[in-house]
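Chain residues, written in single-letter form:
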Amino acid sequence: EDKVVQSPLSLVVHEGDTVTLNCSYEVTNFRSLLWYKQEKKAPTFLFMLTSSGIEKKSGRLSSILDKKELFSILNITATQTGDSAVYLCAVETGNQFYFGTGTSLTVIP
Amino acid sequence: NAGVTQTPKFQVLKTGQSMTLQCAQDMNHEYMSWYRQDPGMGLRLIHYSVGAGITDQGEVPNGYNVSRSTTEDFPLRLLSAAPSQTSVYFCASSHRSIPYGYTFGSGTRLTVV
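Presented here is an overview of the structure given in this document.

1. Brief notes about the state of the cysteines
All names here are of chain A.
No. 1: Per the counting criterion, the structure on display carries two disulfides over all chains.
No. 2: Each sulfur of the disulfide joining Cys23 and Cys89 lies 1.9 Å from the other. Judged by the torsion about the S-S bond (-65°), the Cys23/Cys89 disulfide is left-handed. In this pair, Cys23 sits in strand E3 (residues 19–26) while Cys89 sits in strand E9 (residues 85–93), placing the two residues 66 residues apart along the sequence. For the residue pair Cys23 and Cys89, the accessibility class agrees, reading buried in each case.

Here it is as C-alpha cells:
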C-alpha cells in the first residue's frame, strides 16, 4: 500500500528559529515529491523534487530529496510568524498523488 | 486568469440528499482531481481524470461520482449524502507534462446533518 508519512505532526518554535520538516514515503512508481503550504485555505505549491541530492531553494525555504532512503526534508531558516501553516508533502505515482497528514508549524513572536 | 474555481464554498445537506460540487479550470490542464480533507487524515484522493472522457477512482471513491465531458469542468456528485461525507473538498488540476504541481481550488466545506 502506498503511503506518505510526515513528522513531526506539529511543531511550535520562536521567530528566528530554524526548523526541519520530514517526509518519508513508500510508493510504487515514484515520479515526484511535492511540498505545499496550507494556511486557512487551499494548499499552495512550494517545491517539486524529482532527483536525489539536488536542493531546491526559495528564499528561506529549501528542500532536498533522497530517493535511496525514500525521504525528503523541508528546511525553513529564520522563521517568521507568517510561516505558521500546515506543510503538506505529496508523492506523485503514475496518475495519483498521495498526501501525508501534514506538519502543523506555529511560529511564536 | 481565474485558475481553479470551486462552487459552492459552503453547503449544508440533509442525510440522503444529493448534490453536485462544481469545479472549473481555465488553464487547459489535462489532469483534474477531487480530494477530501479531514482532520488527522490529510488529503485523500476521491476521483481523478487525465483528460476529457477519462476518469478513474482514487483512494476513497465510494458515494461519489464524477464525469469529465470537457477539459475545463470536473463536477463531483454526491449521490445520497451521509454524515461521513462531512469534510472539506478540494478540486485540483495540473498539466501532466509541466512539473509545477497542482493548482488547488479554494475548497468547499460540506456538512451533512
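2. Section: the interface of chain A and chain B
No. 1: If you look at the interface, chain A gives 18 residues, while chain B gives 21 residues.
No. 2: Surface buried jointly by chain A and chain B totals about 1500 Å² across both partners, of which 57% is contributed by carbon and sulfur atoms.
No. 3: Of all residues in chain A, the largest losses of buried area upon contact with chain B belong to Asn95(A), Phe97(A) and Phe99(A), amounting jointly to 34% of the total for that side.
No. 4: Joining chain A to chain B, the criterion identifies zero salt bridges.
No. 5: Our count for the chain A to chain B interface comes out at three residue pairs in polar contact (both at pLDDT 80 or more).
No. 6: Counting residues per element, the ones that place at least two in the side of chain A that touches chain B are strand E4 (30–38), strand E5 (44–49), E9 and strand E10 (96–99) of chain A.
No. 7: Among the elements that make up the side of chain A that touches chain B, the one with the highest residue count is E4(A) (four residues).
No. 8: When grouped by side-chain class, the residues that make up the side of chain A that touches chain B number nine nonpolar, six polar and three charged.

3. Focus on the pattern of salt bridges
No. 1: Scanning the entire structure with this criterion turns up five salt bridges over all chains.
No. 2: The salt bridge involving Lys3(A) is made with Glu26(A); its shortest N-O contact spans 4.0 Å. On the criterion of sequence distance, the pair formed by Lys3(A) in strand E1 (residues 3–7) and Glu26(A) in strand E3 is long-range, its members being 23 residues apart.
No. 3: Its relative accessible area of 46% is what places Glu26(A) among the partly exposed residues.
No. 4: One salt bridge in this structure joins Asp83(A) and Arg60(A), with 2.8 Å as the shortest N-O distance. Of this pair, Asp83(A) sits in the loop between strand E8 (71–76) and E9 while Arg60(A) sits in the loop between strand E6 (56–58) and strand E7 (61–66), placing them 23 residues apart in sequence.
No. 5: For Asp83(A), a relative accessible area of 5% gives the class buried.
No. 6: One continuous salt-bridge network, built from bridges that share partners, spans Arg36(B), Asp38(B) and Arg44(B).

Rules used in this analysis
Residues numbered from 1 in each chain as written. Chains lettered and ligands numbered in written order. Predicted model: local features only at pLDDT ≥ 70, side-chain atom pairs only at ≥ 80, totals over all residues. Heavy atoms only, no water. Disulfide = S-S within 2.5 Å. Helix = DSSP H or I, 4+ residues; strand = E, 2+ residues; numbered from the N terminus. Buried < 20%, exposed > 50% of the residue type's maximum accessible area, 1.4 Å probe, protein only. Contact = heavy atoms within 4.5 Å. Buried area = accessible area lost by both parts, 1.4 Å probe. Salt bridge = Lys/Arg side-chain N within 4 Å of Asp/Glu carboxyl O. Polar contact = N/O pair within 3.5 Å; in protein donor to acceptor, adjacent residues only side chain to side chain. Nonpolar A, V, L, I, M, F, W, Y, C, P; charged D, E, K, R; others polar.

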